[in-house]
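Observations on the model geometry
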Amino acid sequence: MEQPLDEKDLERKLKKEHSSREKKLRAKQKEAARLQAQAASDGARRSEKKQKKKGAIDENPEDFVDPDTPTGQKKLLASQMAKQYSPSAVEKSWYTWWESSQYFEVDAASSKPPFVIVLPPPNVTGALHIGHAITVAIEDAMIRWRRMSGYNALWVPGMDHAGIATQVVVERKLMRERKLSRHDLGREKFLSEVNNWKDQYGGTILRQLRTLGASLDWSRECFTMDSLRSKAVTEAFVNLYKEGLIYRDIRIGHWDCTLRTSVSDIEVDYLELKEETLLVVPGYNNPVQFGVLISFAYPLEEGLGEIIVATTRIETMFGDTAIAVHSQDERYKHLHGKYAIHPFNGRKLEIICDDELVKTNFGTGAVKITPAHDTEDFEAGKRHNLDFINIFTDDGNINENGGSQFEGMPRFTARAAVIDALKAKGLYRGMKNNEMKLGRCSRTNDIVEPMIKPQWFVNCNTMAKAALDAVKSKEIEIIPPQYEQDWYRWLENIRDWCISRQLWWGHRVAAWYVTLEDDEEKDMGSYIDHWIIARNENDAILEAEERYPGKKYQLDQDPDVLDTWFSSSLFPLSIFGWPDDTADLSTFYPTSVLETGLDILFFWVARMVMLGILMGCDVPFQKIYLHPIIRDAHGRKMSKSLGNVIDPIDVINGITLEGLQKKLEQGNLDPDELEKAKEGLKDFPDGIPECGTDALHFALISYTSQSDKINLDIKRVHGYRQWCNKLWNAIRFAMIKLGDQYTPPTTVVVDSMPPVCRWILSVLNKSVGKTVSSLEAYKFSEATSSIYSWWQYQLCDVFIEAIKPYFNDSQEFEAARGASRDTLWLCLNTGLRLLHPFMPYVTEELWQRLPQPKEACRKDSIMISEYPSAVQEWENDQVENEMEIVLDAVSKLRSLRPPTDIHERRPSFVLCRNLEIAATVQCYQAQFATLASVSSLKILTEDDPSPPGCATNIVNKDLAVYLQLRGALNTEAEHEKLRKKREEVQKQHDTLSQKMNASGYREKAPQSKQGDDMKKLASLFEELEIISEAESKLDANN
């Protein structure tokens, strides 16, 4: 039995155990860090493995993990680069540092030329979607490029209150969660609910914009209903009224019976129906019938019989006030000026002639006219001075004009009841399929009803002409230019703009109605001259007392609100302080470019131009860039109910299928819509992989080459995430080859560099020029293509591979090694700055790791460093032409390698048919052998015998390559290659020969062109002879 320990022994034992536990804990932490670094790596390169085999010191995994960075401070980087790119690790901490460093902010007093973009304010209705992401990607690229190019680059953020969209969302939420309508709550409490929603989701949108890397000047953030923007809206309304451009009238428009408000054209989706179709309509238990033409008879007075009419909306017959026929229709000439009798209310309906409305070959040739509920009938009613009878309540029920039999019925319930009643009276004449367009509100899915309502309108004629002239005179340029014709067509046929909405969320109309004590009619709006337009209630009271001195009156503000597009159309002015004369307004208005989707060219863009010219005395922007509309991979419009709406944050961070389903369940969808939406997730069986912001930006911008639609495939986005890993590894290679002690030179002498170094700088120079010119021309996809091609195909695939032999510590390559280091640094420093506007995070992180020249005034961030411009000394067409030949030959040589032994290096030969080609191959012999992965390279002339046991490939008429395969040579396969090559060259030869022998060629083609064609024809003929020679030698050697 052990003796009990005394106090000192016990203390020593406890300390020892504690020390042992700490050591074990540290060992576990170190092992965990090692495993984490290993998991983030795709394995060490072969060179690193060789070093380990030679006894190199073991790496410390903690050296590859970035330390935690305090919020707002410059990111702390690990001492060693992680061996694999991780978007979440790279994109961490940079944005808060950029923002806290005020790199996004601008000063109106700056001497730099301004470049200004206004972010199209996203709706406050919820989170951003992928359509917003393309806007952010393009605009961020533009603003970062201009900022780096020396401009006072301002990008203004804001949010739109989105009247109808926001009200619908909140109303649905209230009904789903509390079974309350807005009318149950009352206006004040309902608006409180909307403001709570705005505060919640407005914050979500701001966080998303930051995650997307948007370099917005947050010090200028605004909201369309904040006090300054509201002041601008009121001022514009008052000014337009004083100039006689705003008026009140009773007109027909789209009415949503669920929302009880008028809706604009943009909120109406049209269904193309080919035949009878049953549709689910909100508020109805059973589907409603559409797509049919119903015929019924109106009895004629004086015993003249009946007249049969046809309609798709039989329930509107309660509002019929006439029947129209064509003046030349022989069937009805005897009825001109006669009357039909309404079977339900006895109203007399005159039979009138209207050749504009009636088509004799449609229906029966007789048309019932319902001026209050049909757009064409409304115009006919004005032409013929007919009565306008409204038959619906605001929520879509039949009103008192339907008579006691039908009053109170929902409109589509009344549809069936009217048919039954007509049958009972013997007046029903049948039904047939009818192709038609059916308007449906995109917000509620309700069928929109044409209704006449008193509304406020803007007369757009003079403003539209000014907007037309601005584009015609090139004061505003539309990009792409094919949309100019749409601009002209819409503005040349513009109608007055209905700007009032029967909603609660929005800017109240700045109009007050005076009800006098002695007025016979007490309803608001009964007397058109009793309206007072004023900036506030006090001003309205002063005007009322001046207009009606000594009279008793009641003053009430119009309960309607203004169309959201009205306040949004003032945005380029209001964000800079208009109507006040501010420094911002004089410096930043007009803005430089308006970038947005082409779907709102008229609803927003054209109206901004109209109001901007009128209120701001100048166009609001100099260019309009319209990006394509994003659809899903199948070309379908993105819709929450289809489940194909993509949250850009899910693409950035990645999300599981379960996560996508959970987000749908937490959304605002009805149960039926939810099930349909879940079916739409089949495109993401494994969820969405983590892609990162940079890959998303680059992919979306590269998609802009498509004209009007983008079929977004997440696989393409993920492909660019993999490409980021390629960039990462290029910098890792560079950091190893540059070494810890490397200091870049302040200047380089390009002429003394090896040819491959001169080549990479020359093609980089071309990429810089192409990128800048593409950005200037708003050809963003061409810019990304140019950058991608240089990084991928020229730097990574060629240059980095070609210079590897220079780093084998041989004294022979010491000068080339130094030049390669300098060139590599120049390429990476320039290439990262070139790429930064399109991939801001990864370029910042990699650029920060690059060494800087001594005495260089280094900027703290890549985003405020200088954007590359062409360097004349780097341009070298001769070297580019030489490398083009070398790379073509390398490609042909690599294609000869059997697929079974791609890692085996074999002897190769190059047959040069003239001294110039031989000199080129000799000059690039090292790169040739390295890039082709051959064991040796021997230059042959025409006098040398063909090497035996070789596969051959023709590069051009002066150059052929051979790869020694010995036993692996497949003579039959080599003959097949040569046969295909012969067919290819023969086809080119025959096509060119046919063109040169065509009638009129010698008379019309310029002499220089004829000379070039003759040389090309001779070259192709020589190639054919070379192929024949190669075939003969192949037979002889085997």
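Residues numbered from 1 in each chain as written. Predicted model: local features only at pLDDT ≥ 70, side-chain atom pairs only at ≥ 80, totals over all residues. Heavy atoms only, no water.

1. Concerning the pattern of salt bridges
- As enumerated under the stated definition, the model contains 52 salt bridges in all.
- Salt bridges here are not isolated pairs; linked through shared partners, they connect Arg-313, Arg-411, Asp-446 and Glu-449. (Salt bridge = Lys/Arg side-chain N within 4 Å of Asp/Glu carboxyl O.)

2. Considering the pairing of strand 14 (residues 348-353)
- Of the strand pairs in this sheet, strand 12 (residues 322-325) and strand 14 are connected by 4 bridges, and their pairing is parallel. Paired with Ala-322 across the two strands is Glu-350, which belongs to strand 14.
- Pairing of strand 13 (residues 339-341) with strand 14 involves 3 bridges; the strand directions are antiparallel. Opposite Ile-341, over in strand 14, you have Lys-348 as the bridge partner.
- Where strand 13 hands over to strand 14, the hairpin turn is made up of 6 residues, of which Gly-346 adopts a positive phi near 75°. (Pairing = 2+ DSSP bridges. Helix = DSSP H or I, 4+ residues; strand = E, 2+ residues; numbered from the N terminus.)

3. Some thoughts on the packing of aromatic side chains
- The final tally for this structure, using the stated rule, is 34 aromatic pairs.
- A ring pair is formed by Trp-456 and Trp-531, whose centres lie 5.3 Å apart and whose planes are at 75°; its orientation type is edge-to-face. Here the residue Trp-456 occupies a position in strand 18 (residues 449-458), and Trp-531 occupies one in strand 23 (residues 531-533), the gap between them amounting to 75 residues.
- By relative accessible area, which is 2% here, Trp-456 ends up buried.
- An aromatic cluster is built from Phe-698, Tyr-720, Trp-723, Tyr-788, Tyr-793 and Phe-838, whose rings are joined through pairwise contacts.
- The ring of Tyr-151 carries Arg-146 above its face, with NZ or CZ at 4.9 Å from the centroid.
- It is Lys-453 that lies over the ring of Trp-255; its NZ or CZ is 4.7 Å from the centre. (Phe/Tyr/Trp six-rings, centres within 6.5 Å; stacked < 30°, edge-to-face > 60°. Buried < 20%, exposed > 50% of the residue type's maximum accessible area, 1.4 Å probe, protein only. Lys NZ or Arg CZ within 6 Å of the ring centre and 35° of its normal.)

4. What to know about empty space enclosed by the protein
- Applying the stated criterion across every chain yields a total of 3 cavities of 30 Å³ or more.
- Approximately 60 Å³ is the volume found for the second largest cavity.
- Contributing to the lining of the second largest cavity are Gly-163, Ile-164, Glu-267, Arg-501, Leu-503, Trp-505, Val-561, Leu-562, Asp-563 and Thr-564.
- Residues belonging to the lining of the second largest cavity are distributed by class as follows: 5 nonpolar, 2 polar and 3 charged. (1 Å grid on protein atoms, 1.4 Å probe; cavity = no way out; pocket = protein on both sides within 12 Å on 5 of 7 lines; lining within 4 Å. Points joined across faces, edges and corners; volume = space filled by probe spheres on them. Nonpolar A, V, L, I, M, F, W, Y, C, P; charged D, E, K, R; others polar.)

5. Notes on the nonpolar core
- Core analysis: the largest hydrophobic core is formed by 160 residues, its most contacted members being Ile-130, Leu-712, Trp-791, Phe-838 and Phe-928.
- It is helix 23 (residues 714-738) that provides the largest number of residues to this core, a total of 12 residues.
- Not counting residues within four places of it along the chain, the set of residues in contact with Phe-838 comprises Ala-141, Asp-694, His-697, Phe-698, Ile-701, Leu-775, Ala-783, Thr-784, Ile-787 and Tyr-867.
- If you look at the next biggest cluster of nonpolar residues, it comprises 76 residues, including Leu-154, Phe-237, Trp-456 and Tyr-589. (Core = buried A, V, L, I, M, F, W, Y, C linked by side-chain atoms within 4.5 Å. Contact = heavy atoms within 4.5 Å.)

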